[in-house]
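These are the residues of each chain, in order.
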Amino acid sequence: MKLKLFITLLILSITSYGQDIRGKVTDATNIPLPGVSIIIEGTTQGTTTDFDGNYSIKAQPENRLIFSYLGMKTQIIAVGSQKVINVGLQDDTTSLDEVVVTAFGNESQKKSITTAVQAIKSDQLQEGNQNNMVNGLQGKVSGVTVVNSGGAPGSSSVILIRGGTSITGDNQPLFVVDGIPIDNSTSSSLEVASTNRASDINPEDIESISVLKGPSAAALYGIQAANGAVIITTKRGKAGVSKISYSGSISVDQILGTPDVQTVYGQGKEIGTGSDITYDTESEFSWGGQIGTGTPLYDNIADLYQTAVTQNHNVSYSSGNEKGNMYFSIGDISQDGVIPTSSYDKTSFKVNMNSTFKENLTIGVSANYITTDVSSTRQGNASGGSFSSLLAYPSNVNAKDYLNEDGSQKQYFLDQQFDNPYWSFKNSPNTDEVNRLIGVISLNYRFLDDFNLSYKLGTDNYTEFNKKIIGDGSLIENREDGYISQFEKDHKRLTSNLFLRYDKQLSNDFSLNSMIGNSVEELDIRTNYSTGDGFQAPGIYSIGNVLVEKQKLSEIIARKRIVGLFGEIKLGWKDALFLTATGRNDWSSTLPENKRSFFYPSVGTSAVMTDLFKDLSSENGLNYLKLRASWAKVGKDAPIGALESFLKTNINGLASSAYTWNGVDVGNPDLEPEFTNSYEFGADMRFLNNRISLDLSYYYTKSDNQILRDIRVPPTTGTFYATLNGGVIENKGLEALLTARILESSNGFSWNTNFNFGMNKSKVLELPGFLNEVYLSDSWTYRNSAAGAAVLDGSLFGLRGKRPQLTDDGQVLIQSNGNYILEDATYDDVQRLPDWSLGITNSLSYKNLKLSFLLDIVQGQEIYNATESALAYYGLSTKTLDRGESVVLSGVDINGNTNQTAIVKNQEFYQNYYSLNSENFIEDGSFARLRYVTLSYKFPQPLLEKLSLASLELYATGRNLFTITNYSGVDPEINTFGAGISGAGSMYIDNLGTPSTQGFDLGLKFTF
């Protein structure tokens, strides 16, 4: 009896003690997580994961284990009969203790930040498989506008945060990599598509991106951040983890489409009018007679484009322990273009190493070496452009029949003075080669418990060699022996940042975070330009193959230094109420000596109302409410060389060969810095146990004392251009980010969605003196029918162009011949940026299967369709099919009488009136686009163990699958001239560029 009782008690004691449970906890990428808390639900019993993410715990079958980790979603798992429980924790984007990267790479709790900051993590950035990391932000950040410049390989993208603050200067944000500013300039895209330099960064190397919106969020970065900042943190090794990762994809792309062209009328130009009309077929126009039945027809524009294939491969190695970590990667992308002979190749090498000495000294070194090689074709208004040349091929002429029997270029009509695009592909190459090094050395020293001294020295150096060729044998006037234009640029940027932090918990209620710092930045750009007319030996496209007397050489040296002193102080009360103030003083070498120093401050506050007033929150209602407000002032200096006027030699054939002023490059030695003042109010809310979050922001900015560089002024002023201070721009808008975890079921199904909404209104309040517009000639469209312009009492991103002359009471003035009179005028009601945009991202997962997609809705912007204007001029537009019909134009004659004179819609009308009248080509550019759909599958753990892999994923992506729009052109998302045009820019101007593409990707990722 005693023996039975002893055995029973022994069994009960063993059972009550529980069974051994072991396992491993990893993140979404299968990387082990040390320090994860594992608690038996309803008890205080628990453990934590070790350095390798492993754990063991004793629990009963009826128990449930709670796995929690800062910044990750908590998981609760029933024990049951399981002996091994491996857990993969997911990032929690709604965590109330979320940490974001802000100025100079510092990490701050999001609840203490007083301005609008939005973070994008690596997996979010890479969704959609964009090669240009700027395009990866499309539709994913509220208040941010990204417009690409077409489907040419390596084409640039413009990024704007909350509109623009400068009429003639750069309106794009500052890009910062690991705490060091980098260059994101773009060479001119007037002739060929050019790349914005931020695209050099490999998206696979990016850990996270923080977008600091507006001058408030970027006040500490000073001059360069008046338009906000994009803070990029790159990947590094993690403690306790050594892994090799591979990601690769193959992509297939095709253009979205081509314009419709008429195939009724063929080659020729009209001679005479009415019944006496005849046709001269020795012409590049499509104003000839009707094409006969059975005549072969050619869709020359559509036939130009091909299917493009892209390969992208990335390999990385990372490792780390308590004393240090390292990350190394190699990335290579090889992209064929949709136009023959065009291509984009980029190879990137990245290393990031950090070591800790004596627990308080950390030394880090990172380097990123990138090579890019771009082959392009001419575009836009450029002579010999792929698109513009094809306009001169009527539907009854085959553009692919371009060679004579002796191999020379064939003329299909007498006096042809443009090159066949297929001939140009083989004989007129355009190339751009860049070698770039971005390096950072950082030191971090902690002392006296509360002090932290940091220093970063960074460099961004690259060389660029750009060459454009017109081959010998060209039909272009004065270019039959060939022509070469090239430049070599040496860009050096050196940045030094030193700052001291003091962080102290003053008492149970009060905390203090402060920083003082110094920054020095030196920029040195040297560019050598050379052109040569006529090659001595055919086929050798080198400046050395041009006679010296037919060469032109020039050199431009641009240097700049900025020295800044800055400070920040943040007071916290009960970790719920925060007050932040910053101040910065800059000295810039581009301003007059007595005006080089200028100071600008900012102040902001945030209050977590649900912490201050506990009764506000409830588990199934409002969980979190933070209110914030801020004000900031940010200065901006002058462009390099804006203080002096330029002297040149040989201005024209009648001028002296001595140095003289050309009336164009006009400086102003009395320039002052311009300033942007802004204020912002915001609210961050969480509902229903943090399943729904809503961030709202309202902002207002006013930029005054604008520095206007090289603006056109009337010749009566004694010059053609001027540089001066003056002008006020206003921006105001609303932003909203709604995040919802719609479904999270125990069977493994989840559904998350994000809504990114942005609305901005930009207006030019003042311009200096007599000016009612400011425009940059680089944005002139085909035949100078229109250009982007900042318009007084209109939009910063407005339009000017040729319009019918009006009478004093606003009626169209008609000439005696029945046609209107065209004059250059502005539009005060045209806005080339969206009124609002909404990006809707959805992510649906079931166990290891995931479907994600982004629907981007962009509304309210107007597009100028210069491509349609050019089609009408050449007679290829379907709108010219009514040729020969008579019409009476609405308007009045010089005496105010209603016009009754009919005109014939003939070649003269379409070429000299209709195609030049910019009012005919302004269209609503609103659209809704499915930017991408990605289906991915992560292979289960048992299979991975058999393959000795840590993770394995397959995915397929479709890009730009459909677009809903009323725009008559090929693509409503257009910026033909690219990111190289500053100020009013050329966003949403469609001018004979390479159409955008849609494509499909198949990819593979694995780690071991």
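Not measured: the values here are computed from a predicted model.

A. Fine view of the environment of I964. Residue placement: I964 occurs in strand β51 (residues 951–965). Considering only alpha carbons, one finds I964 and S926, 38 residues apart in sequence, at a separation of 8.6 Å. Excluding its chain neighbours within four sequence positions, the residues that come into contact with I964 are S926, F927 and A928.

B. Region of the structure containing the sheet that holds strand β4 (residues 54–59). Strand order in the open sheet formed by three strands is β4-β1-β7, and the pairing between neighbours is mixed. Strand pairing shows two members of the sheet lacking a second neighbour, β4 and β7 (87–88), which therefore form its edges. Across six bridges, the pairing between strand β1 (residues 19–26) and β4 is antiparallel. The residue bridging R22 from the neighbouring strand is S56, located in β4.

C. Seen up close, the domain arrangement of the chain. The domains assigned to the chain are domain 1 (19–88) and domain 2 (99–257 + 305–384 + 419–797 + 832–861 + 925–1007). When each unit is reduced to the centre of its C-alpha atoms, the spacing between domain 1 and domain 2 is 41 Å. Facing the nine residues of domain 1 at the interface are 15 residues of domain 2. Residue K238 is joined to D27 by a salt bridge in which the shortest nitrogen-to-oxygen separation is 3.6 Å. Counting every contact that joins domain 1 to domain 2 gives zero residue pairs in polar contact (both at pLDDT 80 or more). Taken together, the residues of the side of domain 1 that touches domain 2 break down into four nonpolar, two polar and three charged.

D. Focus on the sheet that holds strand β49 (residues 922–924). Strand order in the open sheet formed by three strands is β49-β46-β52, with mixed pairing between adjacent strands. The sheet is open, and its two borders are formed by β49 and β52 (989–990), each paired with just one other strand. In the packing of helix α8 (residues 866–874) onto the sheet, contacts are made with β46 (862–865) and β52, and the angle to β46 comes to roughly 25°.

E. Unusual backbone geometry, seen in detail. Positive phi values are uncommon outside glycine, yet N690 reaches one of about 65°. Here N690 shows up in the loop between β34 (674–687) and β35 (692–704). On the accessibility criterion, N690 (18% relative accessible area) is buried. Notably, D793 is not glycine yet its phi reads approximately 65°, a positive angle. Turning to its location among the elements, D793 is positioned in the loop between β41 (786–791) and β42 (798–804).

F. Structural detail: a nonpolar patch on the surface. On the surface, I569, L571, L579, V603, W631, Y679, F681, Y698, L734, M759 and W836 cluster together into a nonpolar patch covering about 930 Å² of accessible area. Put simply, the parts of the chain that give the nonpolar patch at least two residues each are β28 (551–573) and β34. Tracing the backbone through its elements, the reader meets L579 in strand β29 (residues 577–588).

G. Focus on the pairing of strand β24 (residues 430–447). In this structure, strand β23 (residues 361–376) lies alongside β24, joined through 16 bridges in antiparallel fashion. Bridged to L361 within β24 is Y445. Where β24 lies against strand β25 (residues 451–470), 18 bridges are found, and the strand directions are antiparallel. What sits directly across from N444, in β25, is S454.

H. The arrangement of the packing of aromatic side chains in detail. Inspection of every chain in the model, using the stated rule, returns 35 aromatic pairs. Summarising the aromatic geometry, the rings of F447 and F451 are spaced 5.3 Å apart at their centres and angled 15° between planes, so their arrangement reads as stacked. When its relative accessible area of 27% is taken as the criterion, F451 is described as partly exposed. Of the aromatic side chains, those joined through ring pairs into one cluster are W287, Y864, F909, Y910, Y914 and F921. Across the ring face of Y462, the terminal group of R197 is positioned such that the distance to the ring centre comes to 5.8 Å. Its end group placed over the ring of Y827, R803 keeps NZ or CZ at 3.8 Å from the ring centre.

What counts and what doesn't
- Residues numbered from 1 in each chain as written.
- Predicted model: local features only at pLDDT ≥ 70, side-chain atom pairs only at ≥ 80, totals over all residues.
- Heavy atoms only, no water.
- Helix = DSSP H or I, 4+ residues; strand = E, 2+ residues; numbered from the N terminus.
- Contact = heavy atoms within 4.5 Å.
- Pairing = 2+ DSSP bridges.
- Domains from an automatic or database assignment.
- Salt bridge = Lys/Arg side-chain N within 4 Å of Asp/Glu carboxyl O.
- Polar contact = N/O pair within 3.5 Å; in protein donor to acceptor, adjacent residues only side chain to side chain.
- Nonpolar A, V, L, I, M, F, W, Y, C, P; charged D, E, K, R; others polar.
- Axes fitted to C-alpha atoms, helices over the stretch in contact; angles between N-to-C directions.
- Buried < 20%, exposed > 50% of the residue type's maximum accessible area, 1.4 Å probe, protein only.
- Patch = residues over 30% accessible without salt bridge, like charges linked within 9 Å, V, L, I, M, F, W, Y side chains within 5 Å.
- Areas by Shrake-Rupley, 256 points an atom, 1.4 Å probe, with all protein chains shown as cover.
- Phe/Tyr/Trp six-rings, centres within 6.5 Å; stacked < 30°, edge-to-face > 60°.
- Lys NZ or Arg CZ within 6 Å of the ring centre and 35° of its normal.

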